[in-house]
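Each chain is listed here by its residues.
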Amino acid sequence: MSGERAFQELSENLEGSLCRPQRSKLKKRPSCSGGLDTENTPNELIQQWSPPHKKILTSAKGKENEENVFVLARRPRKRRESTVGLCWDSLPDELLLGILSRLSLQDLLQTSRVCKRWHRLAFDESLWQSVDLVGKAQLDAELGQVLSAGALRLRCPHTCIGQPSFKSAQKLRIQHLDLSNCTVETSFLEDIISRCKHLQNLSLEGLVLSDSIIHSLAQNTEIVRLNLCGCSGFSSESLAEMLKSCTRIEEMNVSWCDFNNLHVQAIANNIPSSITQLNISGYRQNLTMEDVKAIVKRCPNLTNLDLSDSVLVTTDSFPVLQELSSLKHLGLSRCYQIHPASLIDFEKFLNLQTLEVFGLIQDSYLPILCKGLPHIQINTQPFSTVARPTSASRKDRTLWGMHCRLVYKH
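These numbers come from a predicted model, not from an experiment. (Residues numbered from 1 in each chain as written. Predicted model: local features only at pLDDT ≥ 70, side-chain atom pairs only at ≥ 80, totals over all residues. Heavy atoms only, no water.)

### Structural notes on the overall build of the chain
Moving on, step 1. A count of helical and extended segments in the chain gives 15 helices and 15 strands.
Moving on, step 2. Across the chain, the fraction of contacts at a sequence separation of at least 24, relative to all contacts at a separation of at least 6, is 62%.
Moving on, step 3. Carbon and sulfur atoms form 50% of the exposed surface of the chain, whose accessible area is close to 23,200 Å². (Helix = DSSP H or I, 4+ residues; strand = E, 2+ residues; numbered from the N terminus. Contact = heavy atoms within 4.5 Å. Areas by Shrake-Rupley, 256 points an atom, 1.4 Å probe, with all protein chains shown as cover.)

Right, dumping it as structure tokens:
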């Protein structure tokens, strides 16, 4: 009996020690006592301090243990407060987008591989509004990804374009597109242009087109600048229909296309009156004086007109051109039916600022002509800038005067 009594006293002392010392220590540890109730029951206190995965160990032998249960528990470690600031995951999308907007194209693509959330944010359309891929020799699925990401401005001339691989039939947001002198199959180009409905500036210089592409262009009624220099593959009928639909065009370059006289007549008879700059050079015997008269009549607000390399244009065109009161830039290079001596008649063009007559006068005669026409700069621009996205004389990477934020660097 003496052993049983000693065992009961030990049990009572243990139970008391699990209650009284814990309460005294709680006062000294304010960081742990904040989550405890004022309950004094030892069992509840032990459960709160004990980890949930810890098993309660009890003795199983002896009748004396049926009334007294031994409980083993370990205090949890104090949680350390974070001292390193906010985590990236806690930042809202708006702040992360602001940070990503400062990254270069290569860095933005690298961050898209971090996690699913960053991949989604890295391809947010607000980050892909303007992209310059000049120097990227080959574009396949990447082109479709950039356009589908919501790009408004895209510059990728002189690029070999494969199948863009669009994942859906959605229309594109692109407004300013430069595909000048790209190597691309007509079917791939048809797929791209057919998805465009909001084009404002477009350059397809040197490409083989189709009637389907021209019909798709007719759906872009907001187009302002159109560069089709050196293009081929479409009929005069589709060209006429496109010009009837796109009534807001201000600059158009249709020089040196694979045109016959029907194409030239389609332009002369359907060109919108909104045109202020027109390059229709390179048609030798297909551009007649009647076509010139029709163009002047339909476009009275022309400020820049290039009729170069048209041998049927003669000095009889001067009175017709003089009707253009706003004309500032005129190109008559290699119009061999115009006699050099008759160029002095341009003194009557009071608003004319530049005159290009390459091939008509010899270098020895140029100073004399410049002296006779002091208000006109003669033979200063060998290349036309009408509707072209980037001037040949400029070394920057602008797109119709606009810069692109994401630039490919090779």
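From this point, things continue past the structure.
### What about unusual backbone geometry?
Moving on, step 1. The phi torsion at N379 lies on the positive side, around 55 degrees, for a residue other than glycine.
Moving on, step 2. Along the polypeptide, N379 turns up in the loop between β14 (377-378) and β15 (406-407).
Moving on, step 3. The phi dihedral of A387 is positive, around 65 degrees, even though this residue is not glycine.
Moving on, step 4. Among the secondary structure elements, A387 is positioned in the loop between β14 and β15.

### A short note on the packing of helix α12 (residues 261-270) against helix α13 (residues 289-298)
Moving on, step 1. For the pair α12 and α13, the least separation of the axes is 7 Å and the interaxial angle reads 25 degrees. Judged on the interaxial angle alone, α13 and α12 are roughly parallel. Here the hand of the crossing between α12 and α13 comes out left-handed. Touching V264, Q265, A268, N269 and N270 of α12 are D291, A294, I295 and R298, all from α13. (Axes fitted to C-alpha atoms, helices over the stretch in contact; angles between N-to-C directions. Parallel < 35°, antiparallel > 145°, perpendicular 65-115°, else oblique. Left-handed = near helix turned anticlockwise from the far one by under 90°.)

### With respect to the sheet that holds strand β13 (residues 354-356)
Moving on, step 1. The strand order across the open sheet built from twelve strands is β14-β13-β12-β11-β10-β9-β8-β7-β5-β3-β1-β15, with neighbouring strands paired in parallel fashion. Unpaired on one side and paired on the other, β14 and β15 mark the two borders of the sheet.
Moving on, step 2. Pairing geometry for strand β10 (residues 277-279) and strand β11 (residues 304-306), over three bridges, is parallel. Paired with L278 across the bridge in β11 is L305. (Pairing = 2+ DSSP bridges.)

### Thoughts on the sheet that holds strand β2 (residues 138-139)
Moving on, step 1. Spatial strand order, β2-β4-β6: three strands in an open sheet with parallel pairing. Since the sheet does not close on itself, it has two edges, and those belong to β2 and β6 (183-184), each with one partner.
Moving on, step 2. In the sheet, β2 pairs with strand β4 (residues 160-161) via two bridges, with the strands oriented parallel. Note that in β4 the partner of L139 across the bridge is I161.

### Considering the environment of R225
Moving on, step 1. You can see R225 is positioned in strand β8 (residues 225-227).
Moving on, step 2. Owing to a relative accessible area of 24%, R225 belongs among the partly exposed residues under this scheme.
Moving on, step 3. Along the primary structure R225 and N201 are separated by 24 residues, whereas in three dimensions their C-alpha atoms are 4.7 Å apart.
Moving on, step 4. Beyond its immediate sequence surroundings of up to four residues, R225 is in contact with Q200, N201, L202, E251 and W400. (Buried < 20%, exposed > 50% of the residue type's maximum accessible area, 1.4 Å probe, protein only.)

### Some remarks on the nonpolar core
Moving on, step 1. Counting residues in hydrophobic clusters, the biggest one holds 97 residues, and the most contacted among them are L204 and F346.
Moving on, step 2. F346 has contacts with F318, L330, L332, L352, L355, L373, H375 and I376, leaving out every residue within four places of it along the chain. (Core = buried A, V, L, I, M, F, W, Y, C linked by side-chain atoms within 4.5 Å.)

### Observations regarding the side chain of T398
Moving on, step 1. Assignment of secondary structure puts T398 in the loop between β14 and β15.
Moving on, step 2. A relative accessible area of 2% means that T398 is categorised as buried.

### Observations regarding the packing of aromatic side chains
Moving on, step 1. The full count for this structure, using the stated rule, is six aromatic pairs.
Moving on, step 2. On the numbers, 4.9 Å between centres and 45 degrees between planes, the contact of F346 with F349 is tilted. Across this residue pair, the class does not change: F346 and F349 are buried.
Moving on, step 3. Aromatic rings pair up to connect F234, F259 and Y283 into one cluster. (Phe/Tyr/Trp six-rings, centres within 6.5 Å; stacked < 30°, edge-to-face > 60°.)

### Topic: the confidence of the model for the chain
Moving on, step 1. Mean pLDDT over the chain: 84, with 78% of residues reaching 70 or higher.
Moving on, step 2. Per-residue pLDDT stays below 50 along residues 13-41; that stretch engages in 23 contacts with residues further than four places along the chain or on separate chains. (pLDDT = per-residue confidence, 0-100.)

### A look at the packing of helix α11 (residues 236-245) against α12
In a packed pair of helices, the relevant descriptors are the angle between the two axes and the axis-to-axis distance.
Moving on, step 1. Where α11 meets α12, the axes come as close as 9 Å, and the angle between the chain directions of the two elements is 15 degrees. Classed by the angle they form, the pair α11 and α12 counts as roughly parallel. Viewed along their axes, α11 and α12 form a crossing whose handedness is right-handed. Along the contact surface, α11 presents S236, L239, A240, L243 and K244, while α12 presents L262, H263, A266, I267 and N270.
Moving on, step 2. When the residues that make up the contact of α11 with α12 are grouped by side-chain class, the tally is six nonpolar, three polar and one charged. (Nonpolar A, V, L, I, M, F, W, Y, C, P; charged D, E, K, R; others polar.)

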